[in-house]
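Each chain is listed here by its residues.
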Amino acid sequence: THGQTFGNGLGNSTEPQGRIVAPLLDSWGFLNGVNARTIYPNNGMRYVSVKFREDVPKIFGMDRVDLNQPYWVLEGWLDSLFVKNSIAMAGADCQTKGLPPEHGTFCYDNEPRNSIIVKAMQDRIDGGYAVVVWPKRLREIKDINELAVKENFTVDGIMYVLRENVYCGLSATMAISRWKECK
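Residues numbered from 1 in each chain as written. Predicted model: local features only at pLDDT ≥ 70, side-chain atom pairs only at ≥ 80, totals over all residues. Heavy atoms only, no water.

**Some points on the overall build of the chain**
To be explicit about the condition: Only DSSP runs of H or I reaching four residues or more are called helices, and only runs of E reaching two or more are called strands; each is numbered from the N terminus. When checking whether two residues touch, look at their non-hydrogen atoms; a contact exists if any pair is within 4.5 Å.
Looking only at helices and strands, the chain has 5 helices and 11 strands in total. A separation of at least 24 residues holds for 55% of the contacts in the chain among residues at least 6 apart in sequence.

**Topic: the nonpolar core**
This is how it is decided: For this analysis, a nonpolar core means a set of buried residues of the types Ala, Val, Leu, Ile, Met, Phe, Trp, Tyr and Cys, connected via side-chain atoms within 4.5 Å. Residue exposure (1.4 Å probe, protein chains only): buried if accessible area is under 20% of the type maximum, exposed if over 50%, otherwise partly exposed.
Residues Leu99 and Leu162 are the most contacted members of the largest nonpolar core, which totals 39 residues. Counting residues per element, the ones that place at least two in this core are β7 (71-74), β8 (86-89), β9 (104-107), α2 (115-126), β10 (130-132), α3 (144-149), α4 (155-163) and α5 (169-180). Sort the elements by how many residues they give to this core and α2 lands first, with 5 residues. Apart from the residues lying within four places of it in its own chain, the contact partners of leucine 99 are Ile59, Met62, Leu67, Tyr71, Ile87, Phe106 and Tyr129. Counting residues in each nonpolar core, the second largest holds 6 residues, with Phe60, Trp77, Leu78 and Ala88 among its members.

**Section: the side chain of asparagine 165**
The criterion, for reference: In protein, a polar contact requires one atom able to donate a hydrogen and another able to accept it; more generally it is a pair of N or O atoms within 3.5 Å, and residues adjacent in sequence count only if both atoms are side-chain atoms.
Of note, asparagine 165 is situated in the loop between α4 and β11 (166-167). A distance of 2.6 Å separates the side chain of asparagine 165 from the backbone oxygen of valine 161, its partner in a polar contact.

**Description of the packing of α2 against α5**
The test is simple: To obtain each axis, a line is fitted to C-alpha atoms, and for helices this fit is confined to the stretch in contact; angles are then taken between N-to-C directions over 0 to 180 degrees. Any angle that is under 35 degrees is reported as roughly parallel, and any over 145 degrees as roughly antiparallel; angles of 65 to 115 degrees are reported as roughly perpendicular and all others as oblique. Residue polarity follows a fixed list, in which Ala, Val, Leu, Ile, Met, Phe, Trp, Tyr, Cys and Pro are nonpolar, Asp, Glu, Lys and Arg are charged, and the others, Gly among them, are polar.
Remark: α2 packs on α5, axes separated minimally by 10 Å, with the N-to-C direction vectors making an angle of 170°. Classified by the angle their axes make, α2 and α5 are roughly antiparallel. Together, Ile117, Val118, Met121, Gln122 and Ile125 of α2 and Gly169, Ala172, Thr173, Ile176, Trp179 and Lys180 of α5 make up the contact between the two elements. Residues of the contact of α2 with α5, tallied by class, amount to 7 nonpolar, 3 polar and 1 charged.

**Regarding the sheet that holds strand β5 (residues 47-51)**
Using the following cut-off: At least two bridges found by DSSP between two strands are what make those strands a pair.
Strand order in the open sheet formed by 3 strands is β3-β4-β5, with antiparallel pairing between adjacent strands. The open sheet has two edge strands, β3 (19-25) and β5, and neither has a second partner. Each strand axis lies, on average, 20° off the axis of its neighbour in the sheet, ignoring direction. Pairing between strand β4 (residues 31-38) and β5: 5 bridges, direction antiparallel. Of the residues in β5, the one forming a bridge with glycine 33 is lysine 51.

**A short note on the confidence of the model for the chain**
Here is the rule we go by: Every residue carries a pLDDT, the predictor's confidence in it, which falls somewhere between 0 and 100.
Mean pLDDT for the chain: 87, with 87% of residues reaching 70 or above. Contacts for the low-pLDDT stretch residues 1-9, under 50 throughout, to residues beyond four places or in other chains number 14 contacts.

**Remarks on the packing of aromatic side chains**
Selection criterion: Here a Phe, Tyr or Trp ring, Trp counted by its six-membered ring, pairs with any other such ring whose centre lies within 6.5 Å, and the pair is stacked when the planes are under 30 degrees apart, edge-to-face when over 60, and tilted otherwise.
Under the criterion given, the structure shown has 3 aromatic pairs. On the numbers, 6.0 Å between centres and 15° between planes, the contact of phenylalanine 106 with tyrosine 108 is stacked. Classification of tyrosine 108 by relative accessible area gives buried; the value is 1%. Ring geometry for phenylalanine 106 against tyrosine 129: centres 5.0 Å apart, planes inclined by 80°, an arrangement best described as edge-to-face. Of this pair, phenylalanine 106 sits in strand β9 while tyrosine 129 sits in the loop between α2 and β10; the two residues are 23 residues apart in sequence, bridging distant segments of the chain. Among the residues examined, tyrosine 129 registers a relative accessible area of 5% and is labelled buried. Among the aromatic residues, those joined into a cluster by ring pairs are Phe106, Tyr108 and Tyr129.

Have a look at this one:
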């Protein structure tokens, strides 16, 4: 395959474009799109999403979450596989229509210098949701997947970290302000 060009719908590349594909199912199990994550670390586009219906948000796991119980909204679908009763955004710009704020907690990647993530966290707080603000002791960890894979955290260990770092309202805004300064 040396010198072979691989097409991926995003242009051509001389690198393989292998991806893990996750279905975006609604609460009835209907396929509304797919989200694909590259398996190659140097691939320019880490995630690619395709929606089949414009009126449905890009969310992974709606077919398995109970929104009447406390639930978690994570940034990546791989992260959601480590967290009980969770769904995942296919991008930080997740639409929250149909997600009750009284039970929802958003957990974004640990990127305090990313202004898009910081703004999204504040938007969720303003919308009545709780957010996870990563603790200083885990500042080198990018996301839940890294917590599991690189740090060998169990599902129970991950759930403990999440629960211990949930903030809402003014205390969330203050915690985000401190978090932004820690990297």
